[in-house]
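Coordinates in review
These are the residues of each chain, in order.
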Amino acid sequence: ARYILSNAQYCRPCYGKMISSRKRKWKYKSTIKKRVRRLSVSRDGNDIRKFVRWCEEVGIRISKKVSLTRRGSCANIGMVARRPITEGTCLAKIPRTAVLCCSNSKICDVIRDDSELYRQLPQLTSWLPLMLSLLYERDQKDSYWRPYLDIVPNDDSLLPPLLWTPEEREGLLAGTSVAELVQADHDHMMQEYTDYALPFMTRHSDLYSAKQQSIDQYSMMVGFVMSYSFSDARQIDPLKQTLMMPVIDLLNHHSRHHAELTFEKEYLLLTAIRDIRMGEEIMNTYGQLCNASLVHMYGFAERDNPHNMACVPVALMRQLSMDEAEAHGNQKVLKKRWKHIVDRYEIVEEDEFVEVSLEDLESFLLLVKILHASTVQVKPLLNLHSIAICDLTSREAAFAYKLLSRCLENVSTVPAVMKCPKTKQEVAAILRTEQASCLQSIMCKLEGIIEQLN
């Protein structure tokens, strides 16, 4: 109301003129009241109220101790405690009939009847049926999911790097593991769109408008599914494996979260795992993810992330080990070792990364040990999950230190100055800072190991 009264000229019936008559003054006041009332609804609310009413109609139960709101939320919409909540309280109960997955969509029968696509689904990502369903439902004004689709973010507020421009990805994320992962996602998305999604939508052009068939809309939907969907590993049917969960997917992530989701046969339950203060935003968890994974999938990073890890490129590890083998004249032996590593760690592409943390350093050192082991030593090592630091040689420790120092150089490279949203710059800065800090901690420990071994 203070904002409206201080900008009352936008509500005046006769802007810039003195209003002297009693009748005109009353009209002026009533206009202000209507304007205030209209803004109080739209500021935090008409779409949220419609969504809450829709939840009641479809059987979703939201605790009266919480509210869905934009005020008090760290990003877009969140769930905030209206009163103190005790551990074990059920915050939301969602029937499986209310989740949005391909099997619940009107497009489901069309996908099942389309033999060209349906028989390929087991080999494709489980996201594809959901994305086709969302593209269809989002274009239907009378969609069963309309109140939900109106409240979820649009392309302007989705932040996964997959939706960043190539210049932003290369400029802000170069040297981190995320740039290569996003590029691989982009290539896979384009192939899936060209080979499967677009031909399906073309065959059913009566169901998909030209806009919905565009690569821009498809890319936006991929970013939406990456950021907000859930996977039910127990489902065998590819049309049910990936789903959107109204209410649940509006909660934001924090490693020190307040609530967790459990899957039951008929319902999905969101339960408080600790006491929550009144006015506190209720945070969910997307998993114990390091910042590289958070930026890659969701487009944000968490300061002081307790699950933070350093990411070592497989290609860099192979290159350094080949250089070292060439200097010692044993390239053939290394090639055999590398084949063992590829099979043992299920490395599919050399643009993959090995995650290294201070708490699980022994697993990374085992990988280094295998790279330097003799033919006799390799097979026993492949059956281990970690190695004691005392079993490391000074040469192996020095190689690990050199590898991590190269990673630190890449991460510490200052991104090129460019025009882009401040949010993206902050995300990239947090990612680089946290990865550099993690690498420095591990290298500090390796320095101590090298001193002991020497």
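Below you will find a few notes about this structure.

Rules used in this analysis
- Residues numbered from 1 in each chain as written.
- Predicted model: local features only at pLDDT ≥ 70, side-chain atom pairs only at ≥ 80, totals over all residues.
- Heavy atoms only, no water.
- Salt bridge = Lys/Arg side-chain N within 4 Å of Asp/Glu carboxyl O.
- Helix = DSSP H or I, 4+ residues; strand = E, 2+ residues; numbered from the N terminus.
- Buried < 20%, exposed > 50% of the residue type's maximum accessible area, 1.4 Å probe, protein only.
- Expected span 1.5 Å × (residues − 1).
- Contact = heavy atoms within 4.5 Å.
- Pairing = 2+ DSSP bridges.

1. Quick look at the pattern of salt bridges
Two side chains with opposite charge may pair up if their charged atoms get near one another. Scanning all chains against the criterion turns up nine salt bridges. The salt bridge involving R203 is made with D114; its shortest N-O contact spans 2.9 Å. Residue R203 is found in helix α9 (residues 177-203), and its partner D114 is found in the loop between α4 (108-113) and α5 (115-118); the two are separated by 89 residues along the sequence. You can call D114 buried: its relative accessible area is 7%. Put simply, R203 and E116 hold a salt bridge, and the shortest N to O gap is 3.3 Å. Here E116 lies in helix α5 and R203 lies in helix α9, a separation of 87 residues in the sequence. The structure contains a network of salt bridges with shared partners spanning D114, E116 and R203.

2. A closer look at helix α13 (residues 331-344)
Here α13 contains 14 residues, and its C-alpha end-to-end distance of 20 Å stays within 8% of the 20 Å for a straight helix at 1.5 Å per residue. On its buried face, α13 is in contact with α12 (314-328), α14 (361-372) and α15 (375-382). Backbone geometry just downstream of α13 places E346 in the positive-phi region, at approximately 55°.

3. Comments concerning the sheet that holds strand β8 (residues 267-272)
The strands that make up a sheet are held in pairs by hydrogen bonds between backbone atoms, and each pair lies either parallel or antiparallel. Strand order in this open sheet of four strands is β1-β4-β8-β7, and the pairing throughout is antiparallel. This sheet does not close on itself; its edge strands, each paired only once, are β1 (61-62) and β7 (259-263). Here two bridges tie β1 to strand β4 (residues 90-95), and the two strands are oriented antiparallel to one another. Each bridged residue has a counterpart across the sheet, and for I62 the counterpart in β4 is A92.

4. Notes on the pairing of strand β3 (residues 78-81)
Covered by surrounding structure in β3 are G78 and V80 together with M79 and A81, the residues of both alternating faces. Bridging between strand β2 (residues 66-69) and β3 involves four bridges; their strand directions are antiparallel. Considered in β3, the bridge of L68 is made with M79. Bridge analysis of β3 against strand β9 (residues 281-282) gives two bridges, and the strand direction is antiparallel. By the bridge assignment for β9, M79 is matched with I282.

5. Things to note about the sheet that holds β2
Spatially, β2-β3-β9 is the arrangement adopted by the three strands of the open sheet, whose pairing is antiparallel. Among the strands making up the open sheet, the edge pair consists of β2 and β9.

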